Amino acid sequence: MFNQIKDLAGGEIYLITSLLMFMVFFVIVGIYLLKLNKKHIEVMSQLPIQDNQPIAYEED
Amino acid sequence: MQLEKFTYDNKIVRNFGIATLVWGIIGMTVGLLAAMQLFKPAMNMGSQYTTFGRIRPLHTNAVIFAFVGNAIFMGVYYSLQRLLKARMFSDVLSKIHFWGWQLIILSAVITLPLGFTTSHEYAELEWPIDIAITIIWVVFGVNMFGTIFKRRERHLYVAIWFYIATFVTIAVLHIVNSFELPISFMKSYYVYAGVQDALVQWWYGHNAVAFFLTTPYLGMMYYFLPKMAGRPVYSYKLSILHFWSLIFIYIWAGPHHLLYTSLPGWAQSLGVAFSIMLIAPSWGGMINGLLTLRGAWDKVREDVTLKFMVVALTAYGMATFEGPLLSLKQINGVAHFTDWIVAHVHVGALGWNGFLTFGVLYWLIPRIYKTELYSKKLAGFHFWVGTLGILFYAVPMYWAGFTQGLMWKEFTPEGLLKYPNFLATTLQIIPMHVLRSIGGALYLIGVIAMTYNLAKTMLGAKLLANEPAEAMPLSKVIIETSSADKAWHRVLERKPMKFMVLSLIIILIGGMVEMMPTFTIQSNVPTIASVKPYSALELQGRDLYIREGCVNCHSQTVRPFRSETERYGEYSKAGEFVYDHPFLWGSKRTGPDLHRIGGKYSDAWHYNHLVDPTSMSPGSIMPPYPWLIEQKLDITTTASKIRAMQTLGVPYPGDYDKRANDDLKVQAEKITLDLKQNNIKVKSDREIVAIIAYLQRLGTDIKANKETIPSNQ
C-alpha cells in the first residue's frame, strides 16, 4: 500500500506538500477544539431543540 | 429590548416536500426501467428516445438533482429559519428558487432523451441549462445569506456551516466543470481535453457526491436527529472536527475515479491517500449521529422516523468505509467498471439519502400541518419494504460485480484469457440483474406507499402556511461576557461572509494543488507525434456516439493489466486523448472497452451490429440502433464544429472548415463502397456511416508511432 505513495518520479513534492498542509490544518483545528469553552458548547448544542414548538396533538 | 413577533414560511417547505415526492417516484421509475433494459433489451422500446444510453443519465439526474435536490431545499428552508429565528429573507426569491429549479429539471427531462448531452457524468445538461442552474443557485445563496444576515440568533449552528459549505463548493464545482464552448443552441465542446478533462470531471463528480449528497444531508442530520430524539447531538466538538476535516479532505479524493488510467501517477496516489484519510471524518460523523441516540433506543423501537435515521446513518457508515477501500489500487483494479461500483453508490443513495429524506418527510409534514401522520402502520411497512429493497438491490449487485471483475481477469493454465468473449461475462450476471430490479421495485413500492400516506396526511388537515414565532432581536453591539467570546472561531461563527470565504479557500487549495500541475506542466501529458485530429466525418460520428450515450456502457481506456492488454490491445496513453473534447473514458463496462476497437472488425460487422447487435453477438443486451440508417447526418454543423475545435487548439489547417464537408463526403463514399462490396446498401449521407468512421478510427493512431512513448505512470 505504501508503495503507492512513494517514488512518484518527481511528483512526490505535490503529495508531501498536500499532506503537510493537511497536518498543519488539522493541528490548528485541534488547538481550537481544545480551547473551546464548555458553556458555549452547551448553548450551541441546545440550539436545534430549544425552538421546540409542540404540535397540536403533543400539547395535551 | 422587546420580543419580536414573526412567522416561519412553511409553504415553501411543503412545496419542496411535494416536489421531492413527485420527482422521487419519477426518477426511481426511470431507474427501474433502465435496470430492466439490462436484462430485457426489448424494454428499450425500439425508440431512440428511450434507449438505455439516454435513459440512464435521465435517471441519475432525476434522483440526484430532482429528488435529493428538492429534499435538500426542503430541509434547509425548514431548519435554517428555525435555527436563525427568522423568516426566509425573501418570499419572492423562495418562489423563484422553487419554480426555477423545477423548470431546470423539466428541461432535463426533455433534453436528455432527445440526446442533448455533454457526456460528463452528472453534468450532462447542455450549456443553456448550465447557465440557468448558475442563476438559480445564486438565488438560493442570496436567500440563504439574506436570512443569515437578518437572524435573531447570534451564533450559527453546525448545520448551517454544512449548508454554507454546500452552497460555496457546488458553485465552484459547477462553474469549473461547465467551461464549454457553445457551437449551437444545444451543443458545446468542453474547453478541456483528454486527461485534463477527465481530471476536472472526476474532481467534479466525486465532489458532487461530497457536497450535494453528503454535506447538506449531514447538516440536516445535525438538525433533525436531535429534534427527533429530543436530545442534543452527542458531541458538538466532534461535529466541528467533522465539518472542517470533511470539507478539507473530500475535495482531494477525486482522482480515485481514474486509477490505472493515463492520469499522472502522483495525482492518482494523492487521490488514494486522501480517500483513505476520509474514513476518519466520515465515521466521526456517523458515530456522532448514532451516539446522539444513546439512551433513546427505546424511542427507535417506537418511532418510525428514527428507524429511518438509524438505517440512513448505518448506510452512510458502510458506504464511507467501502469508498476508501475501493480507492486502494489493488481493490480498484477488480472493482472498477463493474457492478460493484453500482452497488456502492446505491448503498449511499438508497440508504443514506433516501432513508434520511423519508425520515425527515415523515417527521416534518405532520408538523407543518399540525396533525398526526395518516397511518403509522403504513410508514412501518415502508420502512421494512424499503430496507428489503436495499438488500435485494445491493447483494446481487455485489455478487455481479465480484463475478464479472474476476471473470475478466481469469487466465487458463496455458496463459490465455479464460473468457475471451466479453459477452460471456455479461450473460453470467443476468440473473443478478433480474434480482436487482426486484430490489428496486420493492424500494419504489415503499416510496409510493409513503406518498399515499403523506398525501392523506396533507389532505386531512390544513397547512399552517405562516407559523407564528417570537424571539429577541440581536443587539447591534456584541457584549462579550467572557474572554472566550473573543476566540477566533467564536468570532467567525458570528461572521457568515468570512466563514464562507474561509470554507472557499479550504476547498480551493485541494482543487488547485491537484489541477494546476496537470494543466501547466507539459511533461504530465506526453504528446505522441502520430496522434492526429479526427477527420470531419469521424468528428461528426463522435458527436453521434455522445448523443446516443454509448459512454454509459462502454469505456475508452485500457488499463495496464495483462488481462486488459490481452483482451483489448495496448494500454491507453495520455497523449492519445489530446484532441478529445470531451474525454469519453466512461466509468462502467456493461459492454467491452472500445479504445482499441478501430480496425478490429470490418465496416460491415459494425453496420450489422449497430442495426441488430444480436446478429453479430448472439445474446447481446445492447439495444439496436435502426434509426442510424434512416436519419441523415446533419452536415450543416461541420464547419462550426471544426472552427470550435480550432479555437480550442486542435491543429486543423487554417481553412479546413471550408473544405471539411468535401473531405467528409469522400470518406463517407469510401465506407459506403466497402459496405456495398459486402452486400449492404446504404446511402453515404446516413448517420451510421459517420459512427462507423469514428469507431474504426478509435485507438489506431498509435499503431503508426515509431518512437517510444514516455511513461507517465
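No experiment lies behind these values; they were computed from the predicted model shown.

(A) Inspection of helix H22 (residues 603–611) of chain B at higher detail. Residue and element names in this part refer to chain B. Buried residues dominate H22, accounting for seven of its nine residues. For H22, every residue scored as buried is listed here: Asp 603, Ala 604, Trp 605, His 606, Tyr 607, His 609 and Leu 610. On its buried face, H22 sits against helix H23 (613–616), helix H24 (627–630), helix H26 (656–677) and helix H27 (687–697).

(B) Structural context of the pattern of salt bridges. All names here are of chain B. Scanning the entire structure with this criterion turns up 27 salt bridges over all chains. Between Arg 82 and Glu 467 there is a salt bridge; the shortest N-O distance is 3.0 Å. Taken together, the residues Arg 82 in helix H2 (residues 52–84) and Glu 467 in strand E4 (residues 466–471) connect sequence positions 385 residues apart. Judged by relative accessible area, Arg 82 falls into the buried class, the value being 2%. Overlapping salt bridges, with partners in common, bring together Arg 54, Arg 547, Glu 548 and Glu 687 in one network.

(C) Representation of unusual backbone geometry. All names here are of chain B. Geometrically, the link from His 581 to Pro 582 is a cis peptide bond, its omega value of -5° lying close to zero. Notably, Ser 119 is not glycine yet its phi reads approximately 80°, a positive angle. Tracing the backbone through its elements, the reader meets Ser 119 in the loop between helix H3 (91–111) and helix H4 (127–149). Here Ser 119 falls in the buried class, since its relative accessible area comes to 11%. A positive phi angle, near 65°, is found at Tyr 260, a position not held by glycine.

(D) Examining the confidence of the model for chain B more closely. In the predicted model, chain B carries a mean pLDDT of 93, and the fraction of residues at 70 or more is 96%. Scoring the predicted complex yields pTM 0.94 and, for the interface, ipTM 0.76.

Rules used throughout
Residues numbered from 1 in each chain as written. Chains lettered and ligands numbered in written order. Predicted model: local features only at pLDDT ≥ 70, side-chain atom pairs only at ≥ 80, totals over all residues. Heavy atoms only, no water. Buried < 20%, exposed > 50% of the residue type's maximum accessible area, 1.4 Å probe, protein only. Helix = DSSP H or I, 4+ residues; strand = E, 2+ residues; numbered from the N terminus. Contact = heavy atoms within 4.5 Å. Salt bridge = Lys/Arg side-chain N within 4 Å of Asp/Glu carboxyl O. pLDDT = per-residue confidence, 0-100.

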